[in-house]
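Residue strings, one per chain:
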Amino acid sequence: MSRHDESDSGDAAPGEESVGEHEPITGARGYTLGLGIALLLTAAAFWVSTTNLVWGPVVPAAIVVLAVAQMGVHLVFFLHVTTGPDNTNNVIALAFGVLIVLLVIVGSIWIMGHLNHNMMMSPDEMAQRMR
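First things first, this report covers the structure right here in the doc.

What counts, and where the lines are drawn
Residues numbered from 1 in each chain as written. Predicted model: local features only at pLDDT ≥ 70, side-chain atom pairs only at ≥ 80, totals over all residues. Heavy atoms only, no water. Helix = DSSP H or I, 4+ residues; strand = E, 2+ residues; numbered from the N terminus. Buried < 20%, exposed > 50% of the residue type's maximum accessible area, 1.4 Å probe, protein only. Contact = heavy atoms within 4.5 Å. Phe/Tyr/Trp six-rings, centres within 6.5 Å; stacked < 30°, edge-to-face > 60°. Polar contact = N/O pair within 3.5 Å; in protein donor to acceptor, adjacent residues only side chain to side chain. Expected span 1.5 Å × (residues − 1). Arc of directions from axis to C-beta. Axes fitted to C-alpha atoms, helices over the stretch in contact; angles between N-to-C directions. Parallel < 35°, antiparallel > 145°, perpendicular 65-115°, else oblique. Nonpolar A, V, L, I, M, F, W, Y, C, P; charged D, E, K, R; others polar.

### Focus on the overall build of the protein chain
Link 1 in the chain: When you go through the protein chain residue by residue, the secondary structure sums to five helices and zero strands.
Link 2 in the chain: Relative to its 131 residues, the protein chain shows a buried fraction of 12%.
Link 3 in the chain: If you take every contact in the protein chain between residues at least 6 apart in sequence, the share linking residues at least 24 apart comes to 53%.

What follows is the structure in structure tokens.
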């Protein structure tokens, strides 16, 4: 079996890049495009945070949107996480990792909120301490 026959059957060495229908541009052009988009999103986040052209209360939401977009750029262009059938395990592992991180963050905030509430003194206790 020749090398050409092996690549057609889907058997490839680890790290060997092949452009599929589910992947964006790969190779140096893909990395350069990803870097350009990431730099644009970074510059946009700095611009949004320093300009007066964006309404003040919207600035945090805009930065979060730009951050999520940048995570998407990194996943697609640098980590090559796509919707292709060969990436199912990667997407499931990524979703599980996101779930665990969200559980830790939300659980920590929830626990700290309850601790804060339970550690507060009643107004009578505060008045006694002030005397």
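Here the narrative resumes, following the displayed structure.
### Overview of unusual backbone geometry
Backbone geometry follows two general trends: most residues other than glycine have a negative phi, and most peptide bonds adopt the trans configuration.
Link 1 in the chain: A positive phi angle is found at histidine 80, which is not glycine, with a value near 55 degrees.
Link 2 in the chain: Tracing the backbone shows histidine 80 in the loop between helix H3 (59-78) and helix H4 (88-119).

### A short note on the packing of aromatic side chains
Link 1 in the chain: Scanning the model with the defined rule gives one aromatic pair in all.
Link 2 in the chain: Between tyrosine 31 and phenylalanine 78, the ring centres sit 6.2 Å apart and the planes meet at 5 degrees, which makes this aromatic pair stacked. Of the two residues, tyrosine 31 is situated in helix H2 (residues 27-50) and phenylalanine 78 in helix H3; the sequence distance between them amounts to 47 residues.

### Some remarks on the side chain of asparagine 87
Link 1 in the chain: Of note, asparagine 87 is situated in the loop between H3 and H4.
Link 2 in the chain: For asparagine 87, a relative accessible area of 8% corresponds to the buried category.
Link 3 in the chain: Polar side-chain contacts of asparagine 87 include one of 3.4 Å to the backbone oxygen of histidine 80.
Link 4 in the chain: Apart from residues lying up to four places away in sequence, asparagine 87 is in contact with His80, Val81 and Thr82.

### Side note on H3
Link 1 in the chain: With 20 residues, H3 should reach 28 Å at 1.5 Å per residue; the first-to-last C-alpha distance of 27 Å fits that figure.
Link 2 in the chain: Every buried residue belonging to H3 is among Val59, Leu66, Val73 and Phe77, and all of these are buried. Down the axis of H3, the sector holding all buried residues measures 45 degrees, keeping them to one side. Among the exposed residues of H3, those pointing more than 90 degrees away from its buried face are Val64 and Val65.
Link 3 in the chain: Buried residues belonging to H3 abut H2.
Link 4 in the chain: Trailing H3 by a residue or two, histidine 80 shows a phi angle of about 55 degrees, which is positive.

### Regarding the side chain of threonine 82
Link 1 in the chain: Looking at the element boundaries, threonine 82 is found in the loop between H3 and H4.
Link 2 in the chain: A polar contact is formed between the side chain of threonine 82 and the side chain of asparagine 87, at a distance of 2.6 Å.

### Considering the packing of H2 against H3
Link 1 in the chain: The contact between H2 and H3 brings their axes to 10 Å, and the two run at 170 degrees. Considering the angle they form, H2 stands roughly antiparallel to H3.
Link 2 in the chain: Its residues assigned to classes, the contact of H2 with H3 shows 17 nonpolar, six polar and no charged.

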